[in-house]
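Residue-level structure breakdown
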Amino acid sequence: MGRVLGLVWEKRPRVWGLLVCAVVGAFVAGESPSSRISSPQRRSASSESEHAVVHGSAAVAAAIDLYTRCSLRLLPLADDEAGAAVLELDLRDPGLTFSWPCAQLREALLTEEVAGAQEARPCSPDRLASIARLLEEHEIPEAKVWLSAGLSAFLFLYTSILGCRPGKVTVSSDLPMGSGLGSSAAFCVSMSGALLTAAGMVAAVDGISSKGTGWELVGKDDLELVNQWAFQGEKIIHGKPSGIDNTVSTFGSMIKFKKGELTNLKSRNPIKMLITDTRVGRNKKALVAVNSISEEVSSLVELAANDEIAITSKEEKLAELMEMNQGLLQCMGVSHSSIETVLRTTLKFNLVSKLTGAEGGGCVLTLIPTLLEKVIAELESQSFRCFIVEVGGQGFQVCQGGCSCFNGDVV
Ligand SMILES: Nc1ncnc2c1ncn2[C@@H]1O[C@H](COP(=O)(O)OP(=O)(O)OP(=O)(O)O)[C@@H](O)[C@H]1O
Ligand SMILES: C[C@@](O)(CCO)CC(=O)[O-]
Ligand SMILES: [Mg+2]
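Residues numbered from 1 in each chain as written. Chains lettered and ligands numbered in written order. Predicted model: local features only at pLDDT ≥ 70, side-chain atom pairs only at ≥ 80, totals over all residues. Heavy atoms only, no water.

By the naming in an unreviewed UniProt entry, the protein goes by Mevalonate kinase and is assigned to Oryza rufipogon. UniProt annotates the protein under Sequence similarities (unreviewed entry) with the comment "Belongs to the GHMP kinase family. Mevalonate kinase subfamily." (UniProt positions renumbered as here; feature names shortened; annotations may be inferred.)

Structural data, given as structure tokens:
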């Protein structure tokens, strides 16, 4: 390319790749709102505090059509009066359920003045400490201890938006957790959306349903509120996120993010990607920000949307940028042998891949001009898990009344 790339080194940097993904939909049925979500492995708040996008590098993120669902059923207040009321959480992906007596939550968490949910508030250090004490009483299996960040975000969002009312929340997701696909953001967005819908602060726009799926779209102002609360949840999970993951998860489509400024990128022709989950847990190796590549991707998407370049040259150009991006990451030593295996396998079919925002494991993105069943079969025969996704889709959605969002189970 004969081009100088502006690499941005951070003290504890990470790479922002071309596409970071998370999609959410929420699902509400009268007293039973639910939403779609996903989640990743736990990272302590401080481990995420240095991040390329946080420090001003450009990043392009896009929604993918893998969803996390969160359903919420409010339970009768009468139970509460009898002192028997509980808040239950059923996490289908790790296969764990949790339950807290409402009286205990009230005592531990409602010491602060309860403000309305019309404006998102951060979780104070005291409140976070009280939440941590509540969680200590639950025996979370050692192998799943990373869940506690998501549990803290859940308790904060639930009690801040709905107070300590009895309810049952169920979460299930299409996304692998902790693999760099923004599952924590999808978790927080769908959770916030379901809670705000139950609180009557967010509602579907009448009659606008998403491609006949039963899921309905939500107006911009309501999405803003969902996004603000989800960001507060992401802060509990990530420490100092830039907000790109929750924003793309809420609004869908593609977004360029630089120094806190968001630009919506309109992509007319859906881009298909293959995502391969290496099933290898990530480590926290240092990564770099590849600022100029992200900048180029965003101009490319915009040129294509305006028909200024043909779709085939867009794909060629995107493939070239992905190769450059991956090459840089390899030089930095942030790849992993499992990622290299996926790259070699896809390259055999002339397909270009790169690792995602995750490092040292996690997922690999492959650009696919058409669906290539052979490469998928070969990757799966090596015990990788493949998803074919459409990039740049819908964000948060709700479904009111009679939807069954958990593979047919009505929750
Ligand atoms: N479906 C889910 N069920 C339960 N918890 C979830 C779910 N999805 C996400 N989470 C929560 O989110 C946390 C993972 O967030 P993390 O930020 O580490 O990974 P990610 O968002 O998938 O990747 P990245 O932030 O790098 O894009 C999990 O520890 C869990 O607490
Ligand atoms: C923390 C974060 O960088 C995780 C990457 O998926 C997301 C963000 O900045 O919003
Ligand atoms: Mg995350």
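**Some details on the coordination of the magnesium ion (ligand 3)**
Those protein atoms acting as donors to the magnesium ion (ligand 3) are Ser-184 (OG) and His-238 (NE2), and they sit at 2.2 Å. In this pair, Ser-184 is assigned in helix 5 (residues 183-198) and His-238 in helix 6 (residues 220-238), connecting sequence segments 54 residues apart. When its relative accessible area of 1% is taken as the criterion, Ser-184 is described as buried. (Donors = N, O, S within 2.8 Å, 3.2 Å for Na, K, Ca; no water. Helix = DSSP H or I, 4+ residues; strand = E, 2+ residues; numbered from the N terminus. Buried < 20%, exposed > 50% of the residue type's maximum accessible area, 1.4 Å probe, protein only.)

**Points about the packing of aromatic side chains**
Under the defined criterion, the tally for this structure stands at 4 aromatic pairs. Taken together, a centroid distance of 6.0 Å and an interplanar angle of 10° make the contact between Phe-98 and Trp-100 stacked. Looking at Trp-100, the relative accessible area reads 0%, which means it is buried. Here the aromatic cluster, defined as three or more aromatic residues joined through ring pairs, consists of Phe-98, Trp-100, Phe-154 and Tyr-158. (Phe/Tyr/Trp six-rings, centres within 6.5 Å; stacked < 30°, edge-to-face > 60°.)

**A few points about the sheet that holds strand 12 (residues 261-265)**
A sheet is described by the order of its strands in space; here 3 strands give the open sequence 4-11-12, paired in antiparallel fashion. Strand pairing shows two members of the sheet lacking a second neighbour, strand 4 (59-62) and strand 12, which therefore form its edges. Going from strand to strand, the sheet's axes swing by 25° on average, the running direction of each strand aside. In the sheet, strand 4 pairs with strand 11 (residues 254-258) via 4 bridges, with the strands oriented antiparallel. Following the sheet pairing, Ala-59 is matched in strand 11 by Phe-257. In the packing of helix 7 (residues 244-251) onto the sheet, contacts are made with strand 4, strand 11 and strand 12, and the angle to strand 4 comes to roughly 35°. (Pairing = 2+ DSSP bridges. Axes fitted to C-alpha atoms, helices over the stretch in contact; angles between N-to-C directions. Contact = heavy atoms within 4.5 Å.)

**With respect to the confidence of the model for the protein**
Taken over all residues, the pLDDT of the protein has a mean of 73, while the share at 70 or more is 69%. Considering only residues more than four positions removed or in separate chains, one finds that residues 284-289, a stretch of pLDDT under 50, has 31 contacts. Here residues 407-411 is a poorly scored stretch, pLDDT under 50, and it has 8 contacts once near neighbours within four places are set aside; other chains count. (pLDDT = per-residue confidence, 0-100.)

**Focus on the sheet that holds strand 17 (residues 385-391)**
Ordered by their spatial adjacency, 4 strands build an open sheet running 15-16-13-17, and the pairing between neighbours is antiparallel. Where the open sheet ends on each side, the last strands, each with one partner, are strand 15 (353-355) and strand 17. Pairwise comparison of adjacent strand axes, ignoring direction, gives a mean angle of 25° for this sheet. With 3 bridges connecting them, strand 15 and strand 16 (residues 363-367) associate as antiparallel partners. Bridge pairing in strand 16 places Leu-355 opposite Val-364.

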